Amino acid sequence: LTYTAVFTYRYTIEDKEKRRIKRIFKHYVSDEVFGELLKYPGEIPLGGNRMQVSVLFADIRGFTSLSENQDPQYIVSILNSYFTMMADIILKNKGTLDKYIGDGLLAFFGAPIAREEHAEMAVNSAIEMIPMLDVLNKELVLDVPLCIGIGIHSGEAVVGNIGSTRKMEYTIIGDTVNTASRVEDMTKELQANILITEETFSRLKILDNITPEKEITLSGKTEPIKLYRVEI
């Protein structure tokens with residue numbers, strides 16, 4: 001009876017933990033990663049934790065001008081098609097979808113499951129996103145094809161459930177996120193599809209088609225940072 005009680009209690013607690021993980025992560029990660037999470041529910045930190053990650057920020061250039069002269073429903077359909085394609089790539093590379101900000105997309109790699117190869121996963125995702133955008137442009141037949149810039153930065157960030165008692169979301173905060181966003185901004189000035197920081201570059205094993213850019217002081221920063229262009 002004691003064994004049965006302990007087993008039942010343990011099963012109930014684990015089942016409750018699995019349901020909580022499902023509620024939090026189902027829409028953020030791929031089915032494969034979700035399966036990994038369910039194997040060891042008690043080992044997944046759901047509070048705020050400092051983790052080594054790579055952050056990917058992608059933004060559609062000139063989308064505001066495009067949306068001003070188009071039917072709102074048409075604009076939404078374009079964004080839905082775009083986000084669906086890009087999200088599939090990120091999830092395939094075991095990334096975590098954070099949020100959509102207007103026509104921008106924020107994702108990170110290396111959490112909730114810590115992975116040493118998070119920088120490679122982020123760069124591989126970016127490399128796959130560019131040709132997939134060409135496929136989408138052929139389907140949409142727009143007067144001006146969609147063009148995106150992607151910025152990637154690696155480092156420490158706080159990851160966890162953040163929000164209010166009414167609405168919580170699993171997200172990421174910290175200077176690593178801000179830097180990735182500012183690196184994406186530089187893709188316009190440098191006319192690059194993908195830019196990565198030296199912190200990301202130093203974590204890569206395969207360095208083909210990556211060329212250094214000049215050191216640049218990003219907006220809001222005081223120290224210059226070295227950027228690298230990823231050629232497609």
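Just so we're clear, the structure is a prediction, and the values are computed from it rather than from any experiment.

Chemist: Give a description of the environment of Asn49 that names residues and reports values.
Modeler: Of note, Asn49 is situated in strand β1 (residues 49-60). Along the chain, Asn49 and Asn161 lie 112 residues apart, while their C-alpha atoms are 9.6 Å from each other. Other than its neighbours up to four places away in sequence, Asn49 contacts Ala157, Val158 and Val159.

Chemist: Pulling in residues and values, what's your account of the packing of aromatic side chains?
Modeler: Aromatic ring pairs are described here by two measures, namely the spacing of the ring centres and the angle between the planes. By the definition in use, this model includes four aromatic pairs. Residues Tyr82 and Phe83 carry aromatic rings whose centres are separated by 5.3 Å and whose planes lie at 50° to one another, so their mutual orientation is tilted. For the pair Tyr82 and Phe83, one class covers both residues: buried. Centre to centre, the rings of Phe108 and Tyr170 are 6.2 Å apart; their planes meet at 45°, and the pair counts as tilted. In this pair, Phe108 is assigned in strand β3 (residues 104-109) and Tyr170 in strand β5 (residues 168-173), connecting sequence segments 62 residues apart. Of the aromatic side chains, those joined through ring pairs into one cluster are Tyr82, Phe83 and Tyr100.

Chemist: Mind laying out helix α5 (residues 118-140), listing which residues take part and the relevant values?
Modeler: With 23 residues, α5 extends 32 Å from end C-alpha to end C-alpha; this agrees with the ideal 33 Å at 1.5 Å per step. Positive backbone phi, at 55°, marks Val141, one or two positions downstream of α5.

Chemist: Lay out the nonpolar core with the relevant residues and their values.
Modeler: Soluble, globular proteins show a tendency: their nonpolar side chains are buried together. Membership of the largest hydrophobic core comes to 42 residues, with the highest contact counts inside it found for Leu56, Tyr82, Leu146, Ile150 and Ile196. When residues of this core are traced back to their parent elements, those giving at least two are β1, α3 (63-68), α4 (72-92), β3, α5, β4 (148-163), β6 (194-197) and β8 (225-230). Counting residues per element, this core draws most heavily on α4, at eleven residues. Residue contacts for Ile150: discarding those within four places in its chain leaves Leu56, Phe57, Ala58, Ala126, Met129, Ile130, Glu184, Thr187, Asn193, Ile194 and Leu195.

Chemist: Describe α4, and please don't skip the residues or the numbers.
Modeler: The terminal C-alpha atoms of α4, which comprises 21 residues, lie 30 Å apart, in line with the 30 Å expected from a rise of 1.5 Å per residue. Buried within α4 are the following residues: Ile75, Ile78, Leu79, Tyr82, Phe83, Met85, Met86, Ala87, Ile89, Ile90 and Leu91. In this structure, the buried side of α4 is in contact with β1, α3, β2 (96-101), β3, α5 and β4. The backbone nitrogen of Gln73 has a side-chain oxygen 3.1 Å away, supplied by the residue at the start of α4, namely Asp71. Looking at the residues trailing α4, positive phi occurs at Lys94, about 65°.

Chemist: Outline the pattern of salt bridges, listing residues and values.
Modeler: A full pass over the atoms with the stated rule returns eight salt bridges. A salt bridge links Asp185 to Lys188; its shortest N-O distance comes to 3.5 Å. Separated by three residues within a single helix, Asp185 and Lys188 lie in helix α6 (residues 175-189), roughly one turn from each other. We classify Lys188 as partly exposed; its relative accessible area is 40%. By sharing partners, the salt bridges in this structure join Glu184, Asp185 and Lys188 into a single network.

Chemist: Give me the pairing of β4: which residues, what numbers.
Modeler: Relative to β4, β1 runs antiparallel, the two being bridged by twelve bridges. Considered in β4, the bridge of Met51 is made with Ala157. Direction of pairing for β4 relative to β6: parallel, over a ladder of three bridges. When the bridges of β6 are listed, Ile150 appears paired with Ile194. Where β4 and β5 come together, six bridges link them in antiparallel fashion. What sits directly across from Gly163, in β5, is Met168.

How each quantity is defined
- Every chain's residues receive numbers from 1 upward, in the order its sequence appears when written.
- Owing to the predicted nature of the model, reporting of local features is limited to residues with pLDDT of at least 70; listing and counting of side-chain atom pairs is limited to 80 or more, with chain, interface and lining totals taken over all residues.
- For the side-chain quantities, the full set of heavy atoms in the structure was used; hydrogens and water were omitted.
- Labels follow the DSSP assignment, with helices taken as runs of H or I lasting at least four residues and strands as runs of E lasting at least two, numbered in each case from the N terminus.
- Contacts: residue pairs with any heavy atoms within 4.5 Å of one another.
- Note on aromatic pairs: the rings of Phe, Tyr and Trp (six-membered ring only in Trp) are paired at centre separations within 6.5 Å, and the planes decide the class, stacked below 30 degrees, edge-to-face beyond 60, tilted for the rest.
- Categorising residues by exposure relies on relative accessible area from a 1.4 Å probe, with only protein chains included: less than 20% of the type maximum marks a residue as buried, more than 50% marks it as exposed, and the intermediate range marks it as partly exposed.
- Expected span of a helix, by definition, is 1.5 Å for each gap between consecutive residues, and there is one gap fewer than residues.
- The definition of a nonpolar core used throughout is a set of buried Ala, Val, Leu, Ile, Met, Phe, Trp, Tyr and Cys residues joined through side-chain atoms within 4.5 Å.
- Here a polar contact means two N or O atoms within 3.5 Å. Within protein one must be a hydrogen donor candidate and the other an acceptor candidate, and residues neighboring in sequence count only if both atoms are side-chain atoms.
- By convention in these notes, a salt bridge is any Lys or Arg side-chain nitrogen within 4 Å of a carboxyl oxygen on Asp or Glu.
- Strand pairing is assigned whenever DSSP detects at least two bridges linking the two strands.

This is a description of form; function is not addressed.
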